[in-house]
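Spelled out from the first residue to the last, the chains are:
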Amino acid sequence: MNRTLDRRTRHRLIACAALAALLPLAVPPAGAALYKWVDANGRTVYSDQVPPGVVAEPVGGAAPAANPDAAKQLANKEAEFRKRQMDRAEDAKKAEKARTDNTKLAALCQQARAQITGLRAENTVIYRLNEKGERVVLDEVGRKAEIGRVELLMRERNCPPG
């Protein structure tokens, strides 16, 4: 009888050992499983739980170990991201202002060129208003002085030749 008891005990011990070895395989580690699928609206969904009737594919491996500085690192990354966004917005604002300034300058330079062309046209009579509001014909000396004034303005504004 002692031998039978020993054999039973031995079988029980082997069965317990086998069960203890297989038990960790039956219970998945917490947070280790992540699944991906496309829902009815066409959006890609990631979750650790798959709804019934959905075909999902496992994504990634085990969850990373807890990082004690994770919150600080995330806050730093967010602050850097916000700074980059603000810098981009500021750069876009500066670029838009430069485009607007260049457009205004091009229009002013074009007007100045047209004014010089008109002043150089000899068959055109040009009038100016005097202090009393009376029309006065611009003579050749006045035309040359006005051309010089407009050319000086063009140089000061860095108008391109054209």
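A quick note: this is a predicted structure, and the numbers were derived from the prediction, not measured.

Let us look at unusual backbone geometry. Of note in this structure, Asn158 is not a glycine but carries a positive phi near 60 degrees. Summarising the element assignment, Asn158 is placed in the segment after helix 3 (140-156). Using a relative accessible area of 63% as the deciding quantity, one classes Asn158 as exposed.

Next up on the list: the packing of aromatic side chains. A complete count under the given rule lists 0 aromatic pairs for this structure. The side chain of Arg135 reaches across the aromatic face of Tyr127, ending 4.2 Å from its centre.

Next up on the list: the pattern of salt bridges. Counting across every chain of the model gives 9 salt bridges. For Glu96, the salt bridge goes to Arg99, with nearest N and O atoms at 2.8 Å. With a gap of 3 residues between them, Glu96 and Arg99 both fall in helix 2 (residues 70-120), about one helical turn apart.

Given a rise of 1.5 Å per residue, 17 residues ought to cover 24 Å, and the 24 Å separating the end C-alpha atoms of helix 3 matches this to within 8%. What helix 3 keeps buried is the set Gly142, Arg143, Glu146, Ile147, Val150 and Met154. The buried residues of helix 3 occupy an angular sector of 135 degrees when projected down its axis, which confines them to one face. Of the exposed residues in helix 3, those oriented more than 90 degrees away from the buried face are Val141, Lys144, Ala145, Arg155 and Glu156. Along its buried surface, helix 3 packs onto helix 2 and strand 4 (127-129). Looking at the residues trailing helix 3, positive phi occurs at Asn158, about 60 degrees.

The next subject is the environment of Glu122. Within the secondary structure, Glu122 is located in the loop between helix 2 and strand 4. On the basis of relative accessibility, which here comes to 75%, the residue Glu122 falls in the exposed class. The sequence separation of Glu122 and Glu140 amounts to 18 residues, and the corresponding C-alpha distance is 9.0 Å.

Two strands pair when backbone bridges link them, and strand 1 (residues 35-38) and strand 2 (residues 44-47) are joined in this way by 4 bridges, in the antiparallel orientation. When the bridges of strand 2 are listed, Val38 appears paired with Thr44. Where strand 1 hands over to strand 2, the hairpin turn is made up of 5 residues, of which Gly42 adopts a positive phi near 85 degrees.

Inspection of the sheet shows strand 1 paired to strand 3 (residues 57-58) by 2 bridges, in the antiparallel sense. The partner of Tyr35 across the bridge, within strand 3, is Pro58.

Between helix 2 and helix 3, the shortest axis-to-axis distance is 10 Å and the interhelical angle comes to 165 degrees. If you check the angle between helix 2 and helix 3, you find them roughly antiparallel. Both helix 2 and helix 3 take part in a crossing whose hand is left-handed. Only Arg143, Glu146, Ile147, Arg149, Val150, Glu151 and Met154 of helix 3 make contact with helix 2, whose side of the interface consists of Cys109, Ala112, Arg113, Gln115, Ile116, Gly118, Leu119 and Arg120.

On to the sheet that holds strand 2, then. As summarised here, the arrangement of the 3 strands in space is 2-1-3, forming an open sheet in which the pairing is antiparallel. If you trace the sheet from one side to the other, it starts and ends with strand 2 and strand 3, each paired once.

Cut-offs and rules
Residues numbered from 1 in each chain as written. Predicted model: local features only at pLDDT ≥ 70, side-chain atom pairs only at ≥ 80, totals over all residues. Heavy atoms only, no water. Helix = DSSP H or I, 4+ residues; strand = E, 2+ residues; numbered from the N terminus. Buried < 20%, exposed > 50% of the residue type's maximum accessible area, 1.4 Å probe, protein only. Phe/Tyr/Trp six-rings, centres within 6.5 Å; stacked < 30°, edge-to-face > 60°. Lys NZ or Arg CZ within 6 Å of the ring centre and 35° of its normal. Salt bridge = Lys/Arg side-chain N within 4 Å of Asp/Glu carboxyl O. Expected span 1.5 Å × (residues − 1). Arc of directions from axis to C-beta. Contact = heavy atoms within 4.5 Å. Pairing = 2+ DSSP bridges. Axes fitted to C-alpha atoms, helices over the stretch in contact; angles between N-to-C directions. Parallel < 35°, antiparallel > 145°, perpendicular 65-115°, else oblique. Left-handed = near helix turned anticlockwise from the far one by under 90°.

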